[in-house]
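Structural overview for review
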Amino acid sequence: MYASAPIFKDGTRHFTGLEETILKNIDACNELTKLTRTSLGPNGMNKLVVNRLEKIFVTNDAATVLKELDVVHPAAKMLVMAAEMQEQECGDGTNFVLAFAGELLQQAESLIRMNLHPNDIITGFKKASQKALEIVEELSVLKVDDVRDEAKVSNALKTAVSSKQIGLEDFLAPLIAKACIQVCPKEQKNFNVDNVRTVKILGGGAGDSTLIKGFVVEKDSEGTTKHVKNAKIAVYTGGIEANKPETKGTVLFKTADQLEGYTASEEIQMENIIKNIAAAGINVIVTGGSISDIGVHFIEKYKLMAVKVQSKFALRRLCKAIGATALVRLVGNSSSFTRSLCHFQQYRSHQVPTKSERLILLQ
């Protein structure tokens, strides 16, 4: 007599029968929908979410809640995937997808307890979906024929905006409509959501929101030059500073002349670079790294405007907005440098009304 070999690893649970399989999956999905159902609609309640990194989120957006939750149950994970697809396609309605799917599963549960086969329930749901699509066409209250019509697009956006910012939809919807229409390509299917960005300023409110046609950097410029017209821009991914050696060393100065002349070659090299950049007609330098004190000195000497963008993603978006190619090396007289330049109408530092902060506006 031989003992049967183990098929599954230790801890594996095996369920059989109607009560232990389908109904348990439905219960798991219902538990997930109960978490987000109370956040549905403009009067939905906020959720306090603490993720695995102990970061705290307070939101009523179902997409954010699901993103921070680690759902492991296979059936519940299918609902999460459906909500993520809704977020990718429409950018809204994720909570409705979960609530609607949970309600359908609750109705299916009662039918299963009546000994109705799951295949028959699926067939009925498919027929109901086809009929629902026919009825939805007759229930439409607003149809936007022209996506470039600001008034119609604004009315269509109010429903989505009111679920997140209740009471501000009349103010925010026209701003969002203008922003979307300005960046809408000729082929509307190629619309890129990333072309519309928001900048949050501490101390301001939603009523202070305004639309700027251009690019905004949430930082002031380096130096005293704050406004440039007909800007010719050079973008660098690295910093404007002297090259640092790979190894550490010790320098011993015995006289004051040695100390004074130590940085002379570095100053000459930096001045030649900035001088070549200015000679090429550049009046705005954008860098993704730091700017040394010597670099700021010569930038001021040749009356250039320097902007520091720390985020590499923001630097990519800036290059895309102005049509520039970011250079890795700090050069000012090469062929690649000439091809990477771009022209822009206006580049200026703007004082935020009623605030002490300054922003860089690219218009």
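Residues numbered from 1 in each chain as written. Predicted model: local features only at pLDDT ≥ 70, side-chain atom pairs only at ≥ 80, totals over all residues. Heavy atoms only, no water.

1. Quick notes on the pattern of salt bridges
This structure, assessed with the given rule, holds five salt bridges. A salt bridge links Asp170 to Lys158; its shortest N-O distance comes to 3.3 Å. Residue Asp170 is located in helix H7 (residues 169-183), and its partner Lys158 is located in helix H6 (residues 150-164); the two are separated by twelve residues in the primary sequence. Exposure remark for Asp170: the relative accessible area of 52% places this residue in the exposed category. Here Glu271 ties to Lys301 by a salt bridge, and the two come within 2.8 Å at their closest N and O atoms. One end of the pair, Glu271, is in helix H9 (residues 264-279); the other, Lys301, is in helix H10 (residues 293-301), with 30 residues separating them in the sequence. On the basis of relative accessible area, Lys301 is assigned to the partly exposed category, the value being 47%. (Salt bridge = Lys/Arg side-chain N within 4 Å of Asp/Glu carboxyl O. Helix = DSSP H or I, 4+ residues; strand = E, 2+ residues; numbered from the N terminus. Buried < 20%, exposed > 50% of the residue type's maximum accessible area, 1.4 Å probe, protein only.)

2. A word on empty space enclosed by the protein
Evaluated as defined, the whole model comprises one cavity of 30 Å³ or more. In this structure, the largest cavity encloses a volume near 30 Å³. Those elements that place two or more of their residues in the lining of the largest cavity are helix H1 (22-37) and helix H2 (62-68). (1 Å grid on protein atoms, 1.4 Å probe; cavity = no way out; pocket = protein on both sides within 12 Å on 5 of 7 lines; lining within 4 Å. Points joined across faces, edges and corners; volume = space filled by probe spheres on them.)

3. What to know about the layout of surface pockets
Of the volumes computed, that of the second largest pocket is approximately 520 Å³. Lining the second largest pocket are 17 residues, and of these Ile26, Leu105, Ala108, Ile122 and Phe125 sit closest to its centre. Sorting the residues of the lining of the second largest pocket by element identifies H1, helix H3 (74-89), helix H4 (94-113) and helix H5 (118-138) as the ones contributing at least two each. For the lining of the second largest pocket, the element with the highest residue contribution is H4, accounting for five residues. Here the lining of the second largest pocket is built from residues that sort into 16 nonpolar, one polar and no charged. (Nonpolar A, V, L, I, M, F, W, Y, C, P; charged D, E, K, R; others polar.)

4. Looking at the pairing of strand E1 (residues 47-50)
With burial as the criterion, only one face of E1 is covered, namely that bearing Lys47 and Val49; the residues Leu48 and Val50 on the opposite face remain uncovered. As defined by bridge partners, E1 adjoins strand E2 (residues 56-59) across four bridges and the pair is classed as antiparallel. By the bridge assignment for E2, Lys47 is matched with Thr59. (Pairing = 2+ DSSP bridges.)

5. Observations regarding the environment of Leu66
Mapped onto the secondary structure, Leu66 falls in helix H2. Leu66 sits in the buried class, given a relative accessible area of 5%. C-alpha of Leu66 to C-alpha of Asn95: the two residues are 29 residues apart in sequence and 9.8 Å apart in space. Residues within four places of Leu66 in sequence aside, it is in contact with Leu32, Val80, Ala83 and Leu98. (Contact = heavy atoms within 4.5 Å.)

6. With respect to the confidence of the model for the protein
For the protein, the average pLDDT comes to 77, and 85% of its residues sit at 70 or higher. Averaged pLDDT values for the elements of the protein fall to 50 in helix H12 (residues 335-340) and rise to 89 in H5. (pLDDT = per-residue confidence, 0-100.)

7. Brief notes about the side chain of Lys308
Tracing the backbone shows Lys308 in strand E6 (residues 305-308). Apart from residues no more than four positions distant in its own chain, Lys308 is found in contact with Lys219, Glu222, Thr287, Gly289, Ser290 and Ile291.

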